[in-house]
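# Structural description and commentary
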Amino acid sequence: SAGVVGAAVLTEGAAGRYDSAVADLTDGQRVVVRAPADAEAGVELASEVRALRALTPGVRGLLPFRAPRLLGETGMDGARVVVVDFLPGYRVDPAHLPPGRGAASSIGEALAALHSLPLSVVRDEGLPVRTAAQIRHDAVRLVDRAEATRRLPATLATRWRRALGTERLWQFDSAVVLGGAGAASFVFEDTDAGPRVTGVLHWHGLSIGDPAVDLQWLAAAPAAADDVYVTYT
């Protein structure tokens, strides 16, 4: 077994919901240790563990990027503590994501590969599966609840109802999704061809669902969005 020779606090941009540290081991490996700061984060961390277990070596071989490997887990003060390998690289704020070949096209390729995974990856692990009809039904209920607050502007409610009633918007095939990817989900490294996605984080929402949930954050990346979409398609 390896011992710890160095450790430091790791900032993950999770709004303090986790206590995280990066540790260097005597065998040269760098790992991340995470513990939830509250019960909600504990549920999310448990989902992350299930998702990482679903990523067998065969599944990982289908992806053009790395996902964290689950190295171990234990309990501490009644909470789950998880250890995964550290993915080196850097992340890019969506507002600063550049257009063209490089970061934008690499994100498109990464998401396309993820969404093309066999559905059995999720089903065999018993992770959530939602059809287009179920997703639409949930959206209708969400709008109903929003209107019930009497704080939803009428123009916005009309726009949402119009989208809910447009059949072609709901004629899509469910796919394997992260369940809410964002700019912080992608780890980049520089190559001769420009920045490339070499790792993807945040697997707790792994499921079968609407591929759009992993693309919606591109509204905050106006310069790069078109190139991500083109490469993704």
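Details of the structure are given in the entry above.
Residues numbered from 1 in each chain as written. Predicted model: local features only at pLDDT ≥ 70, side-chain atom pairs only at ≥ 80, totals over all residues. Heavy atoms only, no water.

Once that is clear, we can look at the overall build of the protein. The helix and strand inventory of the protein stands at 7 helices and 9 strands. Summarising its shape, the C-alpha atoms of the protein cover approximately 60 × 45 × 35 Å along the three principal directions. By the burial criterion, 39% of the 233 residues in the protein qualify as buried. A fraction of 62% describes how many contacts in the protein between residues 6 or more apart in sequence connect residues 24 or more apart. Per element, the accessible surface of the protein, about 12,700 Å² overall, is 54% carbon and sulfur. Averaged over its 23 positive side-chain charges, the protein has a centre that lies 7 Å from the centre of its 27 negative ones. (Helix = DSSP H or I, 4+ residues; strand = E, 2+ residues; numbered from the N terminus. Buried < 20%, exposed > 50% of the residue type's maximum accessible area, 1.4 Å probe, protein only. Contact = heavy atoms within 4.5 Å. Areas by Shrake-Rupley, 256 points an atom, 1.4 Å probe, with all protein chains shown as cover. Lys, Arg positive; Asp, Glu negative; His and termini not counted. Charge placed at Lys NZ, Arg CZ, Asp CG, Glu CD.)

Here we take up the pattern of salt bridges. Close approach of charged atoms allows side chains with opposite charge to pair. One pass over the structure, following the stated rule, counts 11 salt bridges. With its nearest N and O atoms 3.5 Å apart, the salt bridge here joins Glu109 to Arg101. A relative accessible area of 27% places Glu109 in the partly exposed class. Under the relative-accessibility criterion, Arg101 is labelled exposed at 62%. With a closest N to O distance of 3.1 Å, Arg136 and Glu167 form a salt bridge. One end of the pair, Arg136, is in helix H5 (residues 132-148); the other, Glu167, is in the loop between helix H6 (154-164) and strand S6 (175-177), with 31 residues separating them in the sequence. By relative accessible area, which is 47% here, Glu167 ends up partly exposed. Three or more residues joined by partner-sharing salt bridges are found here, namely Arg53, Glu73 and Arg80. (Salt bridge = Lys/Arg side-chain N within 4 Å of Asp/Glu carboxyl O.)

Attention now goes to the pairing of strand S3 (residues 30-36). Extensive coverage of S3 is indicated by the burial of 5 of its 7 residues. Inspection of the sheet shows strand S2 (residues 18-25) paired to S3 by 7 bridges, in the antiparallel sense. For Ser20, the partnering residue across the bridge sits in S3 and is Arg34. What sits between the antiparallel neighbours S2 and S3 is a turn of 4 residues, in which Gly28 has the positive phi angle 90°. Inspection of the sheet shows S3 paired to strand S5 (residues 79-85) by 4 bridges, in the antiparallel sense. Pairing of Val32 across the sheet is with Val84, part of S5. (Pairing = 2+ DSSP bridges.)

As enumerated under the stated definition, the model contains 3 aromatic pairs in all. Across the ring face of Phe86, the terminal group of Arg30 is positioned such that the distance to the ring centre comes to 5.7 Å. (Phe/Tyr/Trp six-rings, centres within 6.5 Å; stacked < 30°, edge-to-face > 60°. Lys NZ or Arg CZ within 6 Å of the ring centre and 35° of its normal.)

On to the environment of Trp217, then. Structurally, Trp217 can be placed in the loop between strand S9 (207-209) and helix H7 (225-232). Between the C-alpha atoms of Trp217 and Ala110, which are 107 residues apart in sequence, the distance is 15 Å.

Right, let's talk about the packing of helix H3 (residues 103-115) against H7 for a bit. Direction vectors running N to C along H3 and H7 enclose 40°, while the axes themselves pass 7 Å from each other. For the element pair H3 / H7, the angle class is oblique. In the packing of H3 onto H7, the handedness of the crossing is right-handed. Counted together, Ala104, Ser105, Ile107, Gly108, Glu109, Leu111, Ala112 and His115 of H3 and Asp227, Val228, Thr231 and Tyr232 of H7 form the full contact between these two elements. Looking at the contact of H3 with H7 residue by residue, the classes come out as 6 nonpolar, 4 polar and 2 charged. (Axes fitted to C-alpha atoms, helices over the stretch in contact; angles between N-to-C directions. Parallel < 35°, antiparallel > 145°, perpendicular 65-115°, else oblique. Left-handed = near helix turned anticlockwise from the far one by under 90°. Nonpolar A, V, L, I, M, F, W, Y, C, P; charged D, E, K, R; others polar.)

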